Structures are given as structure tokens and as C-alpha cells.
Amino acid sequence: MSIQCLVYAECKDGRLRRVALEALGAARRIAEDGAVHALVAGADSAALAEAAAEFAACGADVVHVVDDPALRSGAPEAVQAAIAAAIEAAAPDVVLLGHTALGREVAPRVAAAIGAGHAADVTAIEHSSDGGIVFARPLYAGKAVERLRIVPGAPWVVSVRPNNLPPAETQPGGAPGAVKALPYRAPKLWTTVHSVVRRTTGAVDLAEADVIVSGGRGVRSANGFAPLQQLASVLGGAVGASRGACDAGYCDYALQIGQTGKVVTPQLYIACGISGAIQHLAGMSGSRVIVAVNKDADAPIFGVADYGIIGDLFEIVPLLTDEFRRML
Ligand SMILES: Cc1cc2nc3c(=O)[nH]c(=O)nc-3n(C[C@H](O)[C@H](O)[C@H](O)COP(=O)(O)OP(=O)(O)OC[C@H]3O[C@@H](n4cnc5c(N)ncnc54)[C@H](O)[C@@H]3O)c2cc1C
């Protein structure tokens, strides 16, 4: 079967986001014999060239590059116009992009503009025996999974949840795909970004982190997050939080994980002083391995944890940090 795919290769701070490579990996599997096109769009020529080369080396047959000042701020309408130009050039059956803040804004716009179906927040993709493709996406805060079967013939726009699908990797010995400049007419921009203020406690992006150390109301204060930050830093991970901790003012809402916060799926999630309310579980229960540290043996978090440590987080977390420091 041959399905044409187009992947929007989202960059952040001049570097490809890992979810872009995950979308490329998905496109390669969907396409089978079909071509995989990609779009790299921005306003920093050197960064674009690097991202395009990486995508071309990782399995994209053609990488279209749009280099235009209108894309400097990442305004959704500018990105949408770049994707529209790439759709015109590649005529894809399926357009894939990351289910990031930008992807969530752009994907429905693109789908509406081209009259395509839209599968959002996809966590698994497989071929069906009748030649269709099945996209799985969690619903109702993870309590149900919707499986959308599409048959090639009408276009689809698919956003993939970060950290769920295997990323494309460099093809050893394979010839890299072609890189081409794509003509682009900047649309009228309705928004102007004057500055970007990042609210984060670490260098690792929470949405794409392999390891997350999360704190709840049990950390008791903003300073109580310090041992969690040390553990996260030893493990090369990010710090997250429950809404309880955010509401108490111990940390910024940018760290909130859960139904009304970020949905994360790291390899390792360490929940410290978090009770495990259903709204928190909605954001982290897809994590590969869950470790809970809580002094209440009956805390609901132990119901989803692979490993549970009953004890005071202010004793346990430094012990874990020392032990990992010795091991790593
Ligand atoms: C509409 C709605 C949306 C919501 N969305 C979210 C969301 O997105 N994310 C979210 O997290 N919540 C969300 N909530 C809130 C959620 O219901 C809980 O109130 C919240 O998750 C509780 O946070 P917590 O576990 O940190 O606090 P608590 O429930 O107060 O738990 C604190 C835990 O810390 C333990 N503890 C205390 N001291 C220590 C110590 N020294 N060592 C070890 N353990 C200790 C306690 O035993 C307890 O289990 C939402 C609620 C509603 C109604």
C-alpha cells in the first residue's frame, strides 16, 4: 500500500522537537511504499538547514523549507500558511504533526481549511487488515480509548502525543532525502508576539521529558521542591507538580500535570507527596514506570504505582538522589 504523508517538523529554540521525529517515524510506517514529505519552517536559516538535514537523514524523502520572517514568532496563521503551501506541493493523504501547544492550535485549522478529518492526541497507529489505518486516542481523561479507522481516499490531519511513538532514526547507509526551498506568501498576521517568557524550573521540557519528578501538597513549600529538583537533575529529568502544589503557591502552574494541566508520558514518573486524585492520574497514568513516595500507605497513588515507597519524602528523595548519583 502506498500512502503519501506530510510531517510538520516543529522546532523550538532553533532545534527540532523530539515529537517531530516521532511524527516522522509514524509517517514512515503509515506510508509503506508512499513518499514522506516534511516541512521545516522558521526564520533562522542556519537552524532550518540543520533541522532539514536531520529530517532528511531520518527518513523524509523530501524536506520542504520555508524561511520567512513571518514565521519568527511561530504565529499559528503563519505556520498554517506554510503547511498549506507544503500540502499543495506534496498532495498528502495524511498530514502529521506533534500534539504540542502549537500543534493543537494549527492542526484543526489545517483540517478545516482542506476539508480533512482530524485525529487529535493520537497515542498509537496501526494498519488494519482491510488496508485502512487505525489511530488510537485516549478520551475522558484516559478512561476510554477511541479507535478511528480511516481508509485512504480522503485527507486526514493527525496530531501525535509526545513520547508515545518511536522516533525516526538516522538511516544507516541510506541516501538522505532531498531538501528544497518552498515558495511561501506570508498571510496577514492577527497576532504579534513581543516577547516570550518561559516559566520552567529546568532545562528539560516537561512534555518531552523521559524522567519527571513531581511534587504535590506534601512538599509543603516552594523550598520543599529543592530535593525534587536535585533528583530530577541527577536523572536528567524535569520537575512537575500536582494542582494541589500549584494552588498552594509552591510552584508555577506551568508545572501542573493532570486533567487541567499537561498530559505526560515519560519513561519514569516519580510522584512525591501526591495523593493520586483522578484528575492528577489523567495526566500521568500513561507513564511507563510510576514510583510513588507517600507517607500515607492508603494514598490512591499506590493503586497506579509500579513501585511504592511509604515514607517521608524529605528522607526518601535525598536517599534516592544519592543512590542514583552513585549509580549513574
Ligand atoms: C475540575 C478539576 C480539575 C482538576 N485538575 C487537576 C489537575 O490537572 N492536576 C492535579 O494534580 N489535580 C487536579 N485537580 C485537583 C485534584 O482533585 C486534587 O485536589 C489534587 O490533585 C491534590 O493534589 P495533591 O495530591 O498534591 O494534594 P493532596 O491530595 O493534599 O495530597 C498530598 C499528599 O501528600 C502526602 N504527604 C504529605 N506530607 C508528606 C511527606 N512529608 N512525605 C510524603 N508524603 C507526604 C499525603 O499523604 C497526601 O497523600 C482538579 C480538580 C478538579 C475539580
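The numbers attached to residues start from 1 for each chain and follow its sequence in the written order. The model is predicted, so local features are restricted to residues of pLDDT at least 70 and side-chain atom pairs to those at 80 or more, both for listing and for counting; the totals for chains, interfaces and linings are taken over all residues. As a convention, hydrogens and water are excluded, and side-chain values are obtained from all of the structure's heavy atoms.

Engineer: Teacher, can you tell me more about the packing of helix 5 (residues 226-235) against helix 8 (residues 313-327) here?
Structural biologist: The angle between the axes and the distance between the axes are what describe a pair of packed helices. Between N-to-C directions, angles span 0 to 180 degrees; the directions come from axes that are lines fitted to C-alpha atoms, helices contributing only their stretch in contact. Comment: elements are numbered from the N terminus, with helices defined as DSSP H or I runs of at least four residues and strands as E runs of at least two. It is at 9 Å that the axes of helix 5 and helix 8 come closest, and there the two elements cross at 20 degrees. The angle between helix 5 and helix 8 falls in the class roughly parallel. Considering how the two elements wind past one another, helix 5 and helix 8 form a crossing that is left-handed. Together, Pro-227, Leu-228, Gln-230, Leu-231, Val-234 and Leu-235 of helix 5 and Leu-313, Phe-314, Val-317, Leu-320, Thr-321, Phe-324 and Arg-325 of helix 8 make up the contact between the two elements. Here the term charged refers only to Asp, Glu, Lys and Arg, the term nonpolar to Ala, Val, Leu, Ile, Met, Phe, Trp, Tyr, Cys and Pro, and the term polar to all other amino acids, Gly among them. Grouping the constituent residues of the contact of helix 5 with helix 8 by class yields 10 nonpolar, two polar and one charged. Note on angle classes: values under 35 degrees are labelled roughly parallel, values over 145 roughly antiparallel, values of 65 to 115 roughly perpendicular, and the remainder oblique. For a crossing to be left-handed, the near helix must be turned anticlockwise from the far one by less than a right angle; the clockwise case is right-handed. Here, residues are in contact when the closest pair of their heavy atoms is within 4.5 Å.

Engineer: Looking at this model, I keep getting lost on the site of the ligand. Mind explaining?
Structural biologist: Proximity is defined per residue: if any heavy atom of the residue lies within 4 Å of a molecule or strand, that residue is considered near it. Around the ligand, the structure places 26 residues, and the nearest of them are Arg-217, Ser-242, Thr-260, Ser-275 and Asn-294. Within the side chain of Gln-256, one N or O atom sits 2.8 Å away from an oxygen atom of the ligand. Nitrogen and oxygen atoms within 3.5 Å of one another constitute a polar contact, given that in protein one can donate a hydrogen and the other can accept it, and given that sequence-neighbouring residues count only through two side-chain atoms. Within the side chain of Asp-312, a nitrogen or oxygen atom sits 3.1 Å from a nitrogen atom of the ligand. Only the protein chains shown count as cover for residues, and all accessible areas are computed by the Shrake-Rupley method using a 1.4 Å probe. With the chains in place, 76% of the 980 Å² that the ligand exposes on its own is no longer accessible. Taking a 2 Å distance to the grid points as the criterion, the majority of the atoms of the ligand fall inside the second largest pocket. Those elements that place two or more of their residues in the shell around the ligand are helix 6 (243-247), helix 7 (278-284) and helix 8. Taken together, the residues that form the shell around the ligand break down as five nonpolar, 15 polar and six charged. For cavity detection a 1 Å grid was placed over the protein atoms alone, and a set of points counts as a cavity when a 1.4 Å probe fits there but cannot get out; an open set counts as a pocket when protein lies on both sides within 12 Å along at least five of seven lines, with lining residues being those that have an atom within 4 Å of a point. For a cavity or pocket, the test is whether more than half of a molecule's atoms lie within 2 Å of its grid points; if they do, the molecule sits there.

Engineer: Whenever I open this one, the pairing of strand 14 (residues 238-241) confuses me. Can you help?
Structural biologist: Regular strands have side chains that alternate between both faces of the sheet. Burial along strand 14 is two-sided: the residues Ala-238 and Gly-240 and Val-239 and Ala-241 are all buried. At least two bridges found by DSSP between two strands is the condition for calling them paired. Pairing geometry for strand 13 (residues 211-215) and strand 14, over four bridges, is parallel. From the neighbouring strand, Ser-214 faces strand 14, where its bridge partner is Gly-240. Only protein chains enter the area calculation, which uses a 1.4 Å probe; residues under 20% of their type maximum are buried, those over 50% are exposed, and those in between are partly exposed.

Engineer: Looking at this structure, how should I read unusual backbone geometry?
Structural biologist: Excluding glycine, residues mostly have negative phi values, and the peptide bonds linking residues are mostly trans. Unusually for a residue other than glycine, Asp-121 sits at a positive phi of about 60 degrees. Looking at where Asp-121 falls in the secondary structure, it is placed in strand 7 (residues 117-122). In this structure, Asn-163 takes a positive phi of about 75 degrees despite not being glycine. Relative to the assigned elements, Asn-163 resides in the loop between strand 11 (156-160) and strand 12 (178-181). You can call Asn-163 buried: its relative accessible area is 13%.

Engineer: Is there a simple way to think about the side chain of His-280 in this case?
Structural biologist: Locating His-280 in the fold gives a position in helix 7. A distance of 3.1 Å separates a polar atom in the side chain of His-280 from the backbone oxygen of Ile-257. Not counting the four nearest positions on each side in its chain, His-280 is found in contact with Ala-241, Ser-242, Ile-257, Gly-258, Tyr-269 and Ile-274.

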